[in-house]
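Here are the chains, one letter per residue:
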Amino acid sequence: MQEINIIVILGTAAMLFLAIGIIVFIVVYQRKMFAKQNQISKIRLENQEKLIKAEIDTKEREQRRIAQELHDDIGASLSSMRFIVGKMDPKLEGVKELGATVSRSTQSVRRISNDLLPHVLEELSIKEALGNLVNNLECIPIDFTYTSDDNDYSFLEKDVQLAMFRIVQELINNIMKYAEAKNVTINLSRSNEGIMIVVSDDGNGNIPEQDTLKHPRTLGLKNIQSRVQYIGGSIKREKNPQRGTKVTIIKPLV
Amino acid sequence: MFSIIPSALVGGIVYKRLNRSLKILFWFILVSIVWDAMSYYCYLRQLSNMALLNLYPLVQFGFIALIYFFISEKKYWKISILIMSLILYLFSVYTIVIMDDIMIFNSLQRYVEGIIVITICIGYYVQILRQAEYMYLEKTPFFWLTSGYLVYFSGTLLLFLFARLIFENDPGGYHWNIRQFLQIGLNMIYVVTFWLGCKKLTS
């Protein structure tokens, strides 16, 4: 009986010690693993952000290069051509048509160049650039209204302003392509939350919220999301119960 | 016997906020109280309560298996619990009906139950380690419950294995104090489990 007593007491103590050891090990190991997993997620997120930034920077650099080429090279050639046409005798056959074609081409080149690189944004800020963007849409049969508050936005970094501008550009493109809207309003303001851009329309609300088989990567939604991530902001899309969609982009101020 | 009352009270108060597995735990505690009361009644009337003692592990394991069956997310682990339950019940029937008598303390059945519950506890730990869902495990009710079961069944494993010898030589000895002590600890863990179970879990 004595032996059994010893076996039971020692064995029970050993088993309890083992059980408590397992529990402590689980707690410590889980905490370490969780911390490691968090670190991996953080690194992954950072890498993703770096990739997006690199992708957007490359794209913007290429667009800037094309815009400059268009402006400096083709733009200059068209100006020379217009000058030459201006010196030609207007009574000659086709000179008038040639002049008009050259003017149209010059305007097109300017417009494309401006779309690729908004010069107003280079010189002023997002506030004026959005106004300019809306002014350039006069020929489109949609009534665009742009409002902004009295704040100055030039303190924002240029690449952030450019990203915000591109987001609005993509949203307007989507509205023109899919929404069948008659009125579009764009509002830029600054609040406690940060800088807020609201684009709302009275369209059919049929803009897909994500790339689908029907619209595979054609909506620029990926671009919008990448740019929102790039500026560290958020995007919210709300459908009006009757008609239209309201998109709110918020760029928090650090 | 009375140490289980606080856990039943806490479980009853927060019952509506408990999930399915913790509700099963609450019912298990109520059944345990009734079982203990019946055992005590038999003892007072000087009747043998051995049949109740031998049947209790089957009821106890049934509830524990149900709790872990519902909290396990992996299908293979659910099937493993079912297979282990089947093994224990077949083994119990064999030991009670064929090998022994229901009026003799069935130590082997308790021993096998202990080993299976310890296996289930370790399996649960493996699952939570793989999921790595919570940084602070001590804030999760099932971690406490599992730890309680692991300690209780590890501590009573050898006691039950040698139970017959102990019964024969030292029926009122200190060995059963160890079990009582572990039981009180487990009952306190039930209170913690219910308390944490009624809160919303966050990582």
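*Asks:* Would you explain the nonpolar core in this entry?
*Replies:* Proteins that are soluble and globular tend to have nonpolar side chains buried together. The biggest cluster of nonpolar side chains holds 55 residues, and the ones touching the most others in it are B:Leu25, B:Tyr68, B:Phe143, B:Leu145, B:Tyr149, B:Tyr190 and B:Phe194. When contributions to this core are tallied by element, the ones reaching two or more residues are helix 1 (2–87) of chain A together with helix 1 (5–13), helix 2 (20–44), helix 3 (50–71), helix 4 (75–99), helix 5 (107–131), helix 6 (141–161) and helix 8 (175–197) of chain B. Counting residues per element, this core draws most heavily on helix 5 of chain B, at 10 residues. When sequence neighbours within four positions are dropped, the list of residues in contact with B:Tyr190 reads B:Ser7, B:Leu25, B:Phe28, B:Ile29, B:Leu145 and B:Tyr149. Among the nonpolar cores identified, the runner-up in size contains 38 residues, and A:Leu137, A:Val160, A:Val228 and A:Ile231 belong to it.

*Asks:* Teacher, can you tell me more about the side chain of A:Ser189 here?
*Replies:* Residue placement: A:Ser189 occurs in strand 2 (residues 183–190). Sequence-distant contacts of A:Ser189, that is, excluding residues within four places in its chain, are made with A:Asp149, A:Tyr153, A:Gly194, A:Ile195 and A:Met196.

*Asks:* Would you mind showing me how to read the packing of helix 5 (residues 158–179) of chain A against helix 6 (residues 221–230) of chain A here?
*Replies:* Two quantities define a packed helix pair, namely the angle between the axes and the distance from one axis to the other. All names here are of chain A. For the pair helix 5 and helix 6, the least separation of the axes is 9 Å and the interaxial angle reads 155°. In terms of axis orientation, helix 5 runs roughly antiparallel to helix 6. Crossing hand, helix 5 versus helix 6: left-handed. Of helix 6, the residues touching helix 5 (which contributes Asp159, Ala163, Arg166, Ile167, Glu170, Leu171 and Asn174) are Leu221, Asn223, Ile224, Arg227, Val228 and Tyr230. Taken together, the residues that form the contact of helix 5 with helix 6 break down as seven nonpolar, two polar and four charged.

*Asks:* I keep staring at the interface of chain B and chain A and nothing clicks. Help me out?
*Replies:* It is common to give the size of an interface as the accessible area that goes away when the parts come together. At the junction of the two partners, chain B supplies 31 residues and chain A supplies 22 residues. For the pairing of chain B and chain A, the buried interface totals around 2400 Å² over both sides, and the portion due to carbon and sulfur atoms is 80%. In this structure, A:Arg31 engages B:Glu138 in a salt bridge whose closest nitrogen and oxygen atoms are separated by 2.5 Å. The interface formed by chain B and chain A includes one residue pair in polar contact (both at pLDDT 80 or more). The set of elements that each furnish at least two residues to the side of chain B that touches chain A consists of helix 5, helix 6, helix 7 (163–169) and helix 8 of chain B. For the side of chain B that touches chain A, a count of residues per class yields 22 nonpolar, six polar and three charged.

*Asks:* Where do I start with the domain arrangement of chain A in this structure?
*Replies:* Residues and elements named next belong to chain A. Looking at the assigned domains, one finds that chain A contains domain 1 (1–117) and domain 2 (119–254). Taken together, the contact between domain 1 and domain 2 spans 16 residues of the former and 14 residues of the latter. For the pair domain 1 and domain 2, the two sides together bury roughly 1400 Å², of which 41% comes from carbon and sulfur. The interface formed by domain 1 and domain 2 holds two salt bridges in total. Residue Glu60 is joined to Arg227 by a salt bridge in which the shortest nitrogen-to-oxygen separation is 2.9 Å. When residues of the side of domain 1 that touches domain 2 are traced back to their parent elements, those giving at least two are helix 1 and helix 2 (95–116). Considering every element that reaches the side of domain 1 that touches domain 2, the biggest residue donor is helix 1, with 11 residues. Within the side of domain 1 that touches domain 2, the residues separate by chemical class into four nonpolar, four polar and eight charged.

About the criteria used
Residues numbered from 1 in each chain as written. Chains lettered and ligands numbered in written order. Predicted model: local features only at pLDDT ≥ 70, side-chain atom pairs only at ≥ 80, totals over all residues. Heavy atoms only, no water. Core = buried A, V, L, I, M, F, W, Y, C linked by side-chain atoms within 4.5 Å. Buried < 20%, exposed > 50% of the residue type's maximum accessible area, 1.4 Å probe, protein only. Helix = DSSP H or I, 4+ residues; strand = E, 2+ residues; numbered from the N terminus. Contact = heavy atoms within 4.5 Å. Axes fitted to C-alpha atoms, helices over the stretch in contact; angles between N-to-C directions. Parallel < 35°, antiparallel > 145°, perpendicular 65-115°, else oblique. Left-handed = near helix turned anticlockwise from the far one by under 90°. Nonpolar A, V, L, I, M, F, W, Y, C, P; charged D, E, K, R; others polar. Buried area = accessible area lost by both parts, 1.4 Å probe. Salt bridge = Lys/Arg side-chain N within 4 Å of Asp/Glu carboxyl O. Polar contact = N/O pair within 3.5 Å; in protein donor to acceptor, adjacent residues only side chain to side chain. Domains from an automatic or database assignment.

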